[in-house]
Every structure is written in structure tokens, then in C-alpha cells.
Amino acid sequence: MDDVLRPLLVIGGTITLTLLIGWLIDRMLRMADARHGETRIWGLLRRCQLPLQVLLASAAVQITYDLFDLQLRRNDVVHSVLATVTIAAAAWLAIRVADAVAENVLTRYAARTDDQARVRQFRTQLVMLRRVVTSVLAVVAAAVAILLVFPDLRALGTSMLASAGVIGIIAGVAAQSMLGNLFAGLQVAFGDSVKIGDTVVVEGEWGTVEEISLAFLTIRIWDDRRLTMPVSYFNSKPYENWSRGGHEITGTVFLHLDHTAPVAELRKHLQEFLLGRKDWDGRSWSLVITDTTPTTIQVRAAMSARNADDVWTLRCAVREELIAWLRDNHPYALPRVATGPAATPPSLEK
């Protein structure tokens, strides 16, 4: 009975003590967060409570296990499990701390500048760095766990070094696409070609960049669909980035009208309409004839807006207003299909 009760009391007391320590640390972070309202770091670090509790508990149990000379049936299995949990919890805690620091840095940077393009660029770079750090920590933690917890695999790893060159070549060929996307993701993040929050047109779809990972980029299309594409696409094929170089953008509306359309009056009405629109930024506007055919003329109305969302709304409103104005005031200016008989050539009338 003592062989069972003693380990339970020691392990239970150790876990209880670590839970108390974790609770005290959380209370201290809460007090620091309330005292220092100018920074979010203390509140963000409270998200690390769970991995911290697991790390403290697993490490403390390992110490007390050897300190009190506890003996269970499978000591080797217990030591292996505790060591694995400790290593995993340490990596988990490091990832959470890195996330908290990155989010706090981004918040402080966004508060110091009004340039949203710079904020989106910095956010994109931080997201990529966090993903790289997470991947590296996960690989390192797995490698350390294998080497420390399973010492028998060290001999296997030593024997595999002789064929490392061949294995490296095979792995490089097999992972060529994955590595290409990885380096393309880093190039996109630090090359400033596309950022999270940018408005882009890709494969005929208009949307906003929602997420950039190490391999894929997700675009939220205007109808809330998600378009997922490999990151390497943005380094090898052309696409439209409406947010690059500034938020301002000029939109166009094309109308096909009859040759008798009152272009001057239509131009004056467009100006009056734009003056009453809040989504027109007042920078520029125009209405010109850009093409002509035997039956119609092509009229292009151009207007500027502060961002891509405003220009889309403004284009739709201008198109609707101009067509309605022509329909109500100059219906003859709308294109029509000739259904009358063809005129007889003069040579045949005689």
C-alpha cells in the first residue's frame, strides 16, 4: 500500500505546488497589466499560463521523482514520458512568448504611425517570422526529445550520417516544390510585393489578402469565398495589387451609347453627381469618348476614390446613375437595334 500511496502523495503535492506557483505568476501578470496600461505585453503573457503550468509540473515531478527515490513498475517509461512532456511544454511556452512579444510590437508600431501600408507590411513580416520560429522550435524540440528520451536512436543516427549526402539529394528533389514555396513566402514577406490586407486581382478574382503562410496565400474574395494559392505564384506570374504605392485609386465606367448622345450634358451631370458623393475623394474625374463603332460610341467615365472599397461602390453608383439619367431624360441616347429594312442603293432605285 505504501508503494502506491507514497508516489501519489509526492506527485499530487508537487503538482498542487506548481499550480499554486502558476496562479501566483498569473496574479502578478494581471497586476502588472493593470498598472502599466500603456503596454499590452503583460496581458498577452497571461496566455502563457497553460504551457507554463505544464512545464513546471513536468519538471517538478521529474525532480521529486528522483529526490524521493520513487519506484514504479516502469521507471524508464515514466522518465521518458516526463522528459517528452517537459521538452514539448518548453517549446510550447517559447512559441506563446514569441507570439505575445510579436503582437505587442505590432500594436505599438501601429499606434506610432498612420501609414497603414507600413503597418500591413510589418504585420506580414511578423507573421512569417512567427511561422518560421514555430517550425524551427517544433523541429528542434522533436530532435531533442528523440536524442534524450530514446538514446538507442543515437547509434542509428550516427550510422545514417554516412548516407546523408544521398538522402539530402533525394529529400531536396522530393521537397523541391515545398522548399520553393518556403523561400517564395519569405521573399513575399520581406520583398514588399504583397502584404496582408492588400486588395489584389488574381486569376480574374478581386479580393483582399487574408493570410500568408509558409506555403500558401489566402485571398478573401468580395463574395466571402476564399481563394488559396501557392506563394510561389506571386513571384512567377503577374497580378494586380491595388494597394501598392498608396490607397488612392481611379475607377472607370464604360457606357455604349448612340451617336446622338448628349456627351456634354452627360459630363456635367456626372460632375454634379460626384460632388454629392462621400466616396469620391475629389482628386480627379473625367468623361470622354474613347471609341466609336458604326452603331455606338464608347464613353468612359473616370473617378478617383480613397481606397479600393470606395472605388467599387462609386463605380456601381455612377453606372446606375448615368444609365437612369439617360433613360429618363434622353432615351434616344441609349443603344438600340435597327429593325427596319435596309436602304436601297441609289443605283438600284432607277
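Residues numbered from 1 in each chain as written. Predicted model: local features only at pLDDT ≥ 70, side-chain atom pairs only at ≥ 80, totals over all residues. Heavy atoms only, no water.

Colleague: Quick question: what am I supposed to make of the sheet that holds strand β6 (residues 249–257) here?
Modeller: Sheet strands line up and pair through hydrogen bonds in the backbone, either parallel or antiparallel. The strand order across the open sheet built from three strands is β6-β8-β7, with neighbouring strands paired in antiparallel fashion. In this open sheet, the two edge strands, each paired with only one partner strand, are β6 and β7 (285–292). Here the strands of the sheet are splayed against their neighbours by 25° on average, with no regard to which way each runs. Bridge count between β6 and strand β8 (residues 297–305): nine bridges; the pairing is antiparallel. Note on β8: the bridge partner recorded for leucine 257 is isoleucine 297. Lying on the sheet, helix α10 (residues 263–275) is in contact with β6, β7 and β8; it crosses β7 at an angle near 145°. (Pairing = 2+ DSSP bridges. Helix = DSSP H or I, 4+ residues; strand = E, 2+ residues; numbered from the N terminus. Axes fitted to C-alpha atoms, helices over the stretch in contact; angles between N-to-C directions. Contact = heavy atoms within 4.5 Å.)

Colleague: Help me understand the sheet that holds strand β2 (residues 205–212) in this model?
Modeller: Strand order in this open sheet of five strands is β4-β3-β2-β1-β5, and the pairing throughout is antiparallel. Single-partner strands in this sheet number two, and they are β4 (226–230) and β5 (240–241). In this sheet, strand β3 (residues 216–221) lies alongside β2 in antiparallel orientation, the contact comprising five bridges. Bridged to glutamate 211 within β3 is threonine 218.

Colleague: Quick question: what am I supposed to make of the packing of α10 against helix α11 (residues 308–329) here?
Modeller: Two packed helices can be described by the angle between their axes and the distance between those axes. At a minimum axis separation of 11 Å, α10 and α11 run at an interaxial angle of 135°. Here α10 is positioned oblique relative to α11, judged by the angle of their axes. Our pair here, α10 against α11, has a crossing hand that is right-handed. Listed contacts from α11 to Glu265, Leu266, His269, Leu270, Phe273 and Leu274 of α10 are Leu314, Ala317, Val318, Glu321, Leu322, Trp325 and Leu326. (Parallel < 35°, antiparallel > 145°, perpendicular 65-115°, else oblique. Left-handed = near helix turned anticlockwise from the far one by under 90°.)

Colleague: Explanation requested: the nonpolar core in the structure shown.
Modeller: Soluble globular proteins tend to bury their nonpolar side chains together. Within the largest apolar cluster, 22 residues are counted, with the highest numbers of intra-cluster contacts made by Leu257, Leu266, Leu287, Ala301, Met303, Val318 and Leu322. Elements represented by at least two residues in this core include exactly β6, α10, β8 and α11. Beyond its immediate stretch of four places on either side in the chain, valine 318 contacts Val253, Leu270, Phe273, Leu274, Ala301 and Met303. Ranked by size, the runner-up nonpolar core spans 14 residues in total, among them Val127, Ile212, Val231 and Phe234. (Core = buried A, V, L, I, M, F, W, Y, C linked by side-chain atoms within 4.5 Å. Buried < 20%, exposed > 50% of the residue type's maximum accessible area, 1.4 Å probe, protein only.)

Colleague: I would appreciate a short explanation of the pattern of salt bridges in the present structure.
Modeller: Where side chains of opposite charge bring their charged atoms close, a pairing between them can arise. Inspection of every chain in the model, using the stated rule, returns twelve salt bridges. Where glutamate 210 meets arginine 220, a salt bridge forms, and the shortest distance between an N and an O atom there is 3.9 Å. Here glutamate 210 is found in strand β2, whereas its partner arginine 220 is found in strand β3, with ten residues between them in sequence. Given a relative accessible area of 34%, glutamate 210 falls into the partly exposed group. The class of arginine 220 is partly exposed, set by a relative accessible area of 32%. What you see here is one network of salt bridges that share partners, running through Glu210, Arg220, Asp224 and Arg226. (Salt bridge = Lys/Arg side-chain N within 4 Å of Asp/Glu carboxyl O.)

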